[in-house]
Amino acid sequence: MTNKEKYNKVFIETFSIDESALNDDLSYNTIPSWDSVGHMTLIAGFEDIFGINMETDDIIDFSSYNKGIELLTKYGIEL
Amino acid sequence: MDKQSIENISKIMRRRILDISYSCNISTHLGGGLSIVDILALLYGDVLKFDPENPFWDDRDRFILSKGHGVLGFYSALLSVGILSKEKFNTFQTNESDLIAHPVMNLSLGIESSNGSLGHGLSMGVGLAIAAKKKNRDNKVYVLLGDGECNEGSVWEAVMSASHFKLDNLIAIVDYNRFQSDGECRTILDTGAFDERWKSFGWDTYSVDGHNIEDLYNAFIAKNSDSRPKVIIANTVKGKGITFMENNNDWHHNRLTKSLYEKALQELT
Amino acid sequence: MIEITESDIKQWSRLGSRATFGQAILLLAKYRNDLMVLSADLGKSSGLDRFINSYPEKFLNIGIAEQNMIGVAAGLAKEGYVVFVSSFAPFISMRASEQIRMNMGYMSLNVKAVAIGSGVSMAFLGNSHFGLEDAAIMRSIPNMTVVTPADCAEIVKTVSAAAEYEGPMYIRLTGVMNNPIVYRSDYEFSIGKAIKLLTGTDITIFANGTMVYESLEAAKILESKGISASVVNMHTIKPIDNQAIDQAMTTSKIIVSVEEHSVVGGLGSAIAEYKTRFRNTPAHLIIGLPDEFLKTGEYKYLLEKYGLVAEKIAQKIIENYES
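Quantities reported herein were computed from a predicted structural model and do not represent experimental measurements.

A. How the structure looks around the overall build of chain C. Looking only at helices and strands, chain C features 13 helices and 12 strands. In terms of its C-alpha atoms, chain C occupies a principal-axis envelope of roughly 60 × 40 × 40 Å. Taken over 323 residues, chain C has a buried fraction of 64%. When contacts within chain C are restricted to residue pairs at least 6 apart in sequence, long-range pairs at least 24 apart make up 78% of them. Of the roughly 12200 Å² of accessible surface on chain C, a fraction of 49% belongs to carbon and sulfur atoms.

B. Representation of unusual backbone geometry in the model. For the peptide bond that leads from lysine 238 of chain C to proline 239 of chain C, omega is -5°, which places it in the cis range. If you trace the backbone, proline 239 of chain C turns up in the loop between β10 (236-238) and α10 (242-251). Despite not being glycine, serine 16 of chain A shows a phi value in the positive range, around 50°. Its location among the elements puts serine 16 of chain A in the loop between α1 (3-15) and α2 (36-50). Judged by relative accessible area, which is 65%, serine 16 of chain A ranks as exposed. At asparagine 136 of chain B, a position not held by glycine, the phi torsion is positive, near 55°. Tracing the backbone shows asparagine 136 of chain B in the loop between α6 (121-134) and β2 (141-146).

C. Structural context of the nonpolar core. Judged by nonpolar contacts, the single largest core of 79 residues is most densely connected at Phe51, Phe84 and Ile317 of chain C. The element contributing the most residues to this core is helix α8 (residues 152-164) of chain C, with eight residues. In this structure phenylalanine 51 of chain C touches Gly22, Ile25, Leu26, Ala29, Leu35, Val37, Pro56, Lys58 and Phe59 of chain C, once residues within four positions along its chain are discounted. Judged by nonpolar contacts, the second largest core, of 58 residues, contains Ala77, Leu79, Ile232 and Ala234 of chain B.

D. Structural detail: the interface of chain C and chain B. Taken together, the contact pairs 24 residues of chain C with 27 residues of chain B. When chain C packs against chain B, close to 2000 Å² is buried across both sides, 48% of that on carbon and sulfur atoms. Considering only the side of chain C, the residues that lose the most area to chain B are Ile64, Arg95 and Phe124 of chain C, jointly responsible for 35% of the buried surface there. Counting the contacts that link chain C with chain B gives two salt bridges.

E. Representation of the pattern of salt bridges. Evaluated as defined, the whole model comprises 31 salt bridges over all chains. The closest approach of N and O atoms between glutamate 96 of chain B and lysine 305 of chain C, which form a salt bridge, is 3.0 Å. You can see glutamate 96 of chain B sitting in the loop between α5 (86-89) and α6 and its partner lysine 305 of chain C sitting in helix α12 (residues 299-305), one on each of two chains. Judged by its relative accessible area of 29%, glutamate 96 of chain B is partly exposed. Residue glutamate 196 of chain B is joined to lysine 199 of chain B by a salt bridge in which the shortest nitrogen-to-oxygen separation is 3.6 Å. Remark: lysine 199 of chain B and glutamate 196 of chain B occur in helix α9 (residues 194-200); sequence separation between them is three residues, near one turn of the helix.

F. Representation of empty space enclosed by the protein within the structure. Residues and elements named next belong to chain B. Counted according to the given criterion, the structure contains three cavities of 30 Å³ or more. Here the largest cavity is characterised by a volume of approximately 170 Å³. Phe50, Arg60, Ile83, Gly110 and Glu112 are the residues nearest the centre of the largest cavity, which is lined by 17 residues in total. For the second largest cavity, the calculated volume is near 40 Å³.

G. Region of interest: the sheet that holds strand β8 (residues 203-207) of chain C. Residues and elements named next belong to chain C. The strand order across the open sheet built from five strands is β7-β9-β8-β11-β12, with neighbouring strands paired in mixed fashion. Single-partner strands in this sheet number two, and they are β7 (195-198) and β12 (283-289). The mean angle between the axes of side-by-side strands here comes to 25°, regardless of whether they run parallel or antiparallel. For β7 and strand β9 (residues 229-233), the ladder comprises three bridges, and the chain directions are antiparallel. Residue leucine 198 lies in a different strand from β9, and its bridge partner there is valine 231. Packed on one face of the sheet, α10 meets β7, β8 and β11 (254-262) and runs near 155° to β8. Where helix α13 (residues 310-322) meets the sheet, its contacts fall on β8, β11 and β12, and the angle it forms with β12 comes to roughly 155°.

H. Structural context of the environment of methionine 105 of chain B. Residue and element names in this part refer to chain B. In this structure, methionine 105 sits in the loop between α5 and α6. Separated by 41 residues in sequence, methionine 105 and isoleucine 64 place their C-alpha atoms 10.0 Å apart. Once residues lying within four places of it in the same chain are set aside, the contact partners of methionine 105 are Ile111, Glu112, Ser113 and Ser114.

I. Main features of the layout of surface pockets. There is about 630 Å³ of room inside the second largest pocket. Around the second largest pocket, the lining is made up of 29 residues, and of these Ser114 of chain B together with Gly126, Asn127, Ser128 and Phe293 of chain C lie nearest the centre. A per-class count over the lining of the second largest pocket returns 12 nonpolar, 12 polar and five charged.

J. Region of interest: the interface of chain A and chain B. Each partner contributes residues to the interface: chain A has four residues there, and chain B has five residues. Regarding the contact of chain A and chain B, the summed buried area is about 400 Å², with carbon and sulfur atoms giving 49% of it. Three residues, Asp57, Ile60 and Asp61 of chain A, lead the burial of chain A against chain B; their summed loss comes to 84% of the area buried on that side. Inspection of the chain A/chain B interface yields one salt bridge. Counting across the interface, chain A meets chain B through two residue pairs in polar contact (both at pLDDT 80 or more). The residue inventory of the side of chain A that touches chain B, partitioned by class, reads one nonpolar, one polar and two charged.

About the thresholds
Residues numbered from 1 in each chain as written. Chains lettered and ligands numbered in written order. Predicted model: local features only at pLDDT ≥ 70, side-chain atom pairs only at ≥ 80, totals over all residues. Heavy atoms only, no water. Helix = DSSP H or I, 4+ residues; strand = E, 2+ residues; numbered from the N terminus. Buried < 20%, exposed > 50% of the residue type's maximum accessible area, 1.4 Å probe, protein only. Contact = heavy atoms within 4.5 Å. Areas by Shrake-Rupley, 256 points an atom, 1.4 Å probe, with all protein chains shown as cover. Core = buried A, V, L, I, M, F, W, Y, C linked by side-chain atoms within 4.5 Å. Buried area = accessible area lost by both parts, 1.4 Å probe. Salt bridge = Lys/Arg side-chain N within 4 Å of Asp/Glu carboxyl O. 1 Å grid on protein atoms, 1.4 Å probe; cavity = no way out; pocket = protein on both sides within 12 Å on 5 of 7 lines; lining within 4 Å. Points joined across faces, edges and corners; volume = space filled by probe spheres on them. Pairing = 2+ DSSP bridges. Axes fitted to C-alpha atoms, helices over the stretch in contact; angles between N-to-C directions. Nonpolar A, V, L, I, M, F, W, Y, C, P; charged D, E, K, R; others polar. Polar contact = N/O pair within 3.5 Å; in protein donor to acceptor, adjacent residues only side chain to side chain.

Written out as structure tokens, the structure is:
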């Protein structure tokens, strides 16, 4: 699985959404399942699948599908 | 009263609030700390009678932060008038510090009372005001409450008590920023015409812009009618001074990331 | 009854105690039409966000008014609802203490009071927000059942059992996010029935809440020092499982109790009150928070400072055992 596929998998599984929903508009609080609980579950998913430990600032700043891509480069994950 | 000087204090206080919130590296009550900055700048910059060299002075005015989570505004005011040293201020929310997320009584630091649990401060204020009268001291007692805090029944016990005991040396200030922890006050517990409620309990009631130094000042110095206690309902903005925090209840208790800290700092310059 | 899977447990542990409480309520709401949940303006802070959005008709925010909240809950319970009320530990147990006494104790109304952030998990928010004495106060009220779940799985078990249980309860939640796991998979849970997690031959450690995990870790250290310890999860301190204490008294050289609560009035006291009826029983070491208002700091810092971590618990036991 490529990094991008892993990235998408976490979103799809955490929020029970379709691949078609993975776009620019997907961000915190725009769908019911991406609330504070959903957010922590999402982050946990990325930490597990990429074997990383995210910093608190990054967890807070991870506000959208695109922002996440940007933030993960910090951990050496190129998407 | 030097309006410009008070406004300068407010500006410095807001800067210090951002600095300390960022450096302690955890969540702080930014929204409710920022909404009371101007009130506290005026109180500590002009209205309150105190001696920074002698925090134990018997004739000092007493100030109680009943909305205990407003510490960011409170500690930054104490810093700006030299009651708190910079070193002490910088220990905010570090292990075993005297300065935590709610005030811990410590007269040497200018903190009259321990708060944090809401609805306690006005009762103590009543006691302090009664004591002042019994001892023939002309010091005043100021108590700052939150609007959400006024959900607590104990607040109204104190409100009734104060007018019964004719405590014209007691001044309550309500930080009417229209939000509480879970959302807008109006949607959680609609208290209708808030100022009318205080009036009907026998208080001289002033409703002013909580960020207008002159309006606040005029309310503070207005003479009491008929030995009534006084309440100033300060219409404020939660998060005042930082546009992305204003009226945004996400900032009731939240963490400043590096990028948000920098963004906020830019707004202050 | 709510089903518990291993992956649920991992997720809940990461989310922590409050969010797990919220998840438990959400699961309960799916199959109980008679559920009502009340908060004193701490819905978001109690992990109830998702539940509030999904079942707004089952939730009431009473505002910052704990005494009123208990009274309102009592009225609802009287009319047949299964009612959960929540707030931070000192506010629910002490601000509304007398209301709990009258409505839940005296009238035995079916309300479950859930204390969020008990013990010292409130960290920098300080003593006004700590739950130091709450179990003691709730335990002293007749008709109350008092439970302190060991981990997030047990929080879900407790909430589920509470909904089935007819009677007033106080449920004390300790721990924060990344709450250590005691139960890795589903298990049998009954209110009032202690669970022996480890069988040893020298001593018995009774613990509840976060201290169950710490005690299990302490037992490993003790083992390496030649002391064989049983560890019992005494999640319910009222009614206390006397049989578990009987067993410990007959088999152990010393009994230890460990709690994230004052040494006054909590688990240790409950055990001591029972044990004192008998002669020639083993000595009892009570480990908990000191009878004082505490320093403030990070949660882990405070647990360490006040000796409520495995290494320090083991150390204290060794010193006591050897003297």
